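Here is how the chains run, residue by residue.
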Amino acid sequence: MESIISVKGIYKSYKKRKSSEIFTAVNDLSFDVGKGEIVGLLGPNGAGKTTTIKTICGLLVPDQGSVTINGFDSLKDRDKALRHISAVLEGNRNIYWRLTVYENLVYFAGNRGVPKKDIRRKVDELLSLFQLQDKKDELVNNLSRGMQQKLAVSVAMLADTDVVLLDEPTLGLDVETGYEVRDLLRKIARDQGKTIIISTHDMPVVQDLCERTIIINAGKVVADERVEELLKLFETSAYQIELQEPLTDEQQTMLLAQFPIHQWEALTLKVNLDQEQDIFKLMDILKQNETPIETINRTEINFEQVFRKLVNEGVAS
Amino acid sequence: MTAFWNVLRVNTMMEFLELRRYKANTISLLLTFYIIFVGMMFGIQVVGDPAQASTNTQYVIVNYIFWYFGMMTLQSIGWTISDEAMKGTLEQLYMSPVKPWKILLSRLLGTIFNHFVLVVVLLFLSMATAGEWLNVNPVTIFPILVLTLAGMIGTSFIVAGMALVFKQINAFLQILQFIVAGLTFVPLSVAPFMVGAPFVKGVDMTRQIMIHGYTLADFSMGDYAWLIGNTVVYGIIGFVFYNACEKHAMQKGLLGHY
Ligand SMILES: Nc1ncnc2c1ncn2[C@@H]1O[C@H](COP(=O)(O)OP(=O)(O)OP(=O)(O)O)[C@@H](O)[C@H]1O
Ligand SMILES: [Mg+2]
């Protein structure tokens, strides 16, 4: 696949406020994104997602490394690079609350130098795509957070660029609205063939929308896989065991030592295994106290568990 | 160029919408102007020796207008930057392929244009009310005014650059009011050394036109050299300084609200 974004060895450190301690937010990050790919940039709080996104946008100058967009350096050829990308950076904070929905769209289009006659057509198109026609003349200030977020996304879509970067597009939304925004993003991804990078710690969003995920932690890439591959990697080795008696303290200590990723509550034990043979080790632990077993089941692993595991110990492969 | 025109159009529009949306603010601003203008002009007729009073009052009115525009121009982008960095829209402005300084310049030109229209209308209204006419010959005033404003705009980019880096510039803007008052109210004949300060020369020349009836031909080459030199120098300083601050802000991640 032809790559449209290329991130090469970027470093970024900040001086901590108050103390003069240097904090490395992004530490030698590299990846490529192909044309039309939908990539989830996943990581816990402070992992460096926003820093990465802003560096790609050329809003932040990395200490080392470079980013090219469609062959244009995001800093040296900033104007040209920006013709190919748009971004929603701070969810609903990226738009003018004191203007109406319509005024926001017209303003941001005009600010990219789009002529008046082209603006109106585009704005109408977007209003209907995002189902915002009814709210056209409403002040953004009076909209719900979900609506504001949708408008922010539509402002980014307005630019009609090849690449759209979304930093936490579902942050702070209730479940219902989160779904709505997710549906909208899916529609855009499917219909418009855009390259999309979504940063989030909302795992279902990635599982649902993205083909590929780049998991970062402490400023480093810990996994860069197709979502289905990641899921497959773990599929075979998740077990749910119902016990008739609780585990002893000793058993729990052993469990923690050998299977750091497990969940134990109310007689139910959920364990992820690195290898199939590890099931015997698990059985050994149970055998020690001859803990009676009610049922053993393979379980569906969810993405959240995969993510936690990767963040905790890095990718196994 | 057409791209810039579109940018200029929407930014002027935005400033206009702001005036319209915050009606109470705008109306009280207009009333203040009207009352001050009319009050001063009636003052001309009522108080003592009309010949002397007239010049003084005209002097105050012209100074007041310049002070107002000076303040507005110098603060405008700086205030926009600190406000929008905090609210989160500044980064979205920086996502435009049009250079940010052009966007900010458009915003400023829009503001100046809108307020210029308002002030000119009010000035004429006040003159009609009071029946006291200042010498406002547009052909003479316009070129001087444009050059003076251009110098002010250049200086305003220095303030804007500081806003990018420091964000909290309210205290500084307050002090700035006094500096601007000094620069506009004190005539060059009193403080000739101020000829190199931002926009002082232009303000002084406009006063000569509006109060003493100068025409463009009455100024010397030296006057024009100072005026143009002043504008060019502060334009360049503003531009260079702003770009340096911008670079610094992008290195430290200061465009957002972090
Ligand atoms: N401008 C800045 N100045 C100083 N430190 C910063 C700045 N921006 C980010 N940081 C720090 O860098 C680290 C990485 O931040 P970043 O915002 O990239 O993480 P993130 O993955 O987006 O986190 P979150 O999920 O909380 O949004 C954090 O510890 C943050 O405190
Ligand atoms: Mg973030």
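This one's a predicted model, so the numbers in the text were calculated from it and none came from an experiment.

1. With respect to the overall build of chain B
Here's step 1: Tallying secondary structure elements over chain B gives nine helices and zero strands in all.
Here's step 2: Start at the N end of chain B and walk to the C end: the helices and strands fall as α-α-α-α-α-α-α-α-α.
Here's step 3: Computed over the C-alpha atoms, the radius of gyration of chain B is 19 Å, within 12% of the 18 Å expected from 2.2 N^0.38 for a compact globule of 258 residues.
Here's step 4: Reported as C-alpha extents along the three principal axes, the dimensions of chain B are approximately 60 × 45 × 40 Å.
Here's step 5: A total of 258 residues make up chain B; the buried ones form 52% of that total.
Here's step 6: Counting only contacts in chain B whose residues sit at least 6 apart along the sequence, the fraction spanning at least 24 positions is 79%.
Here's step 7: Chain B carries 13 positive and 11 negative side-chain charges, and their two centres are separated by 13 Å.

2. A closer look at the overall build of chain A
Here's step 1: When helices and strands are counted, chain A shows 11 helices and 14 strands.
Here's step 2: Here the C-alpha coordinates of chain A stretch approximately 80 × 45 × 45 Å along the principal axes.
Here's step 3: Residues counted as buried form 51% of the 317 residues belonging to chain A.
Here's step 4: With the model as given, the accessible surface of chain A reaches about 14,800 Å², and the carbon-plus-sulfur share is 46%.
Here's step 5: Averaging the positions of the 40 positive and the 48 negative side-chain charges in chain A gives two centres separated by 10 Å.

3. Some thoughts on the nonpolar core
Here's step 1: Ile5(A), Ile56(A), Cys57(A), Leu165(A), Ile215(A), Phe37(B) and Ile81(B) are the most contacted members of the largest nonpolar core, which has 151 residues in total.
Here's step 2: With 13 residues, helix H3 (residues 50-87) of chain B is the single largest residue contributor to this core.
Here's step 3: The next biggest cluster of nonpolar side chains, apart from the first, holds 13 residues, and it includes Ile241(A), Leu247(A), Val271(A) and Ile279(A).

4. With respect to the environment of Ile144(B)
Residue and element names in this part refer to chain B.
Here's step 1: One can find isoleucine 144 in helix H6 (residues 138-166).
Here's step 2: The buried category is assigned to isoleucine 144, whose relative accessible area is 1%.
Here's step 3: Linking isoleucine 144 and lysine 201, residues 57 residues apart in sequence, is a C-alpha distance of 9.7 Å.
Here's step 4: Sequence-distant contacts of isoleucine 144, defined by excluding residues within four places in its chain, comprise Gly202, Met205, Thr206, Ile209, Leu216, Tyr224 and Leu227.

5. What to know about the interface of chain B and chain A
Here's step 1: Contact with chain B, which involves 36 residues of that partner, is made by 38 residues of chain A.
Here's step 2: Between chain B and chain A, roughly 3,200 Å² of surface is buried when both sides are summed, and carbon and sulfur atoms account for 52% of that area.
Here's step 3: Here chain B and chain A share six salt bridges between them.
Here's step 4: Across the contact surface, chain B and chain A share 21 residue pairs in polar contact (both at pLDDT 80 or more).
Here's step 5: The set of elements that each furnish at least two residues to the side of chain B that touches chain A consists of helix H1 (2-21), H3, helix H4 (90-93), helix H5 (100-130) and helix H9 (221-252) of chain B.
Here's step 6: Class assignment for the residues of the side of chain B that touches chain A results in 16 nonpolar, 10 polar and 10 charged.

6. Thoughts on the sheet that holds strand S14 (residues 293-298) of chain A
Residue and element names in this part refer to chain A.
Here's step 1: A sheet is described by the order of its strands in space; here four strands give the open sequence S12-S13-S11-S14, paired in antiparallel fashion. For this open sheet the edge positions go to strand S12 (262-265) and S14, each flanked by a neighbour on one side alone. Neighbour-to-neighbour, the strand axes of this sheet turn through a mean angle of 10°, independent of strand direction.
Here's step 2: Pairing of S12 with strand S13 (residues 268-272) involves four bridges; the strand directions are antiparallel. In the sheet register, glutamine 263 faces S13, and the bridge partner there is lysine 270.

7. Observations regarding empty space enclosed by the protein
Here's step 1: Under the definition given, this model contains two cavities of 30 Å³ or more.
Here's step 2: Of the pockets and cavities examined, the largest cavity occupies roughly 100 Å³.
Here's step 3: Along the walls of the largest cavity sit Ser86(A), Phe108(A), Asn111(A), Arg112(A), Val155(A), Ala156(A), Leu158(A), Ala159(A), Gln92(B), Leu93(B), Met95(B) and Ser96(B), which together make up its complete lining.
Here's step 4: Examining the composition of the lining of the largest cavity, we find that three residues originate from one element, helix H5 (residues 145-158) of chain A, more than from any other.
Here's step 5: Residues that form the lining of the largest cavity fall into these classes: seven nonpolar, four polar and one charged.
Here's step 6: Within this model, the second largest cavity holds a volume of roughly 30 Å³.
Here's step 7: Among the elements of the structure, H6, helix H8 (200-212) and H9 of chain B are those that each provide at least two residues to the lining of the second largest cavity.
Here's step 8: Considering only residue class, the lining of the second largest cavity consists of three nonpolar, five polar and one charged.

8. Considering a nonpolar patch on the surface
Here's step 1: Together, Ile228(B), Val232(B), Ile236(B), Phe239(B) and Val240(B) give the surface a local cluster of nonpolar side chains, amounting to about 440 Å² of exposed area.
Here's step 2: Mapped onto the elements, Val240(B) comes out in helix H9.

9. Here we look at the packing of aromatic side chains
Residues and elements named next belong to chain B.
Here's step 1: Applying the stated criterion across every chain, the model contains 14 aromatic pairs over all chains.
Here's step 2: The interplanar angle of 90° and the centroid separation of 4.6 Å between the aromatic rings of phenylalanine 33 and tyrosine 68 together place this pair among those described as edge-to-face. Of this pair, phenylalanine 33 sits in helix H2 (residues 23-46) while tyrosine 68 sits in helix H3, and the two are 35 residues apart along the sequence.
Here's step 3: With 6.4 Å between their ring centres and 90° between their planes, phenylalanine 37 and tyrosine 64 make a pair best called edge-to-face. In this pair, phenylalanine 37 is assigned in helix H2 and tyrosine 64 in helix H3, connecting sequence segments 27 residues apart.
Here's step 4: With relative accessibility at 0%, the residue phenylalanine 37 sits in the buried group.

The rules behind the values
Residues numbered from 1 in each chain as written. Chains lettered and ligands numbered in written order. Predicted model: local features only at pLDDT ≥ 70, side-chain atom pairs only at ≥ 80, totals over all residues. Heavy atoms only, no water. Helix = DSSP H or I, 4+ residues; strand = E, 2+ residues; numbered from the N terminus. Rg over C-alpha atoms; globule rule 2.2 N^0.38 Å. Buried < 20%, exposed > 50% of the residue type's maximum accessible area, 1.4 Å probe, protein only. Contact = heavy atoms within 4.5 Å. Lys, Arg positive; Asp, Glu negative; His and termini not counted. Charge placed at Lys NZ, Arg CZ, Asp CG, Glu CD. Areas by Shrake-Rupley, 256 points an atom, 1.4 Å probe, with all protein chains shown as cover. Core = buried A, V, L, I, M, F, W, Y, C linked by side-chain atoms within 4.5 Å. Buried area = accessible area lost by both parts, 1.4 Å probe. Salt bridge = Lys/Arg side-chain N within 4 Å of Asp/Glu carboxyl O. Polar contact = N/O pair within 3.5 Å; in protein donor to acceptor, adjacent residues only side chain to side chain. Nonpolar A, V, L, I, M, F, W, Y, C, P; charged D, E, K, R; others polar. Pairing = 2+ DSSP bridges. Axes fitted to C-alpha atoms, helices over the stretch in contact; angles between N-to-C directions. 1 Å grid on protein atoms, 1.4 Å probe; cavity = no way out; pocket = protein on both sides within 12 Å on 5 of 7 lines; lining within 4 Å. Points joined across faces, edges and corners; volume = space filled by probe spheres on them. Patch = residues over 30% accessible without salt bridge, like charges linked within 9 Å, V, L, I, M, F, W, Y side chains within 5 Å. Phe/Tyr/Trp six-rings, centres within 6.5 Å; stacked < 30°, edge-to-face > 60°.

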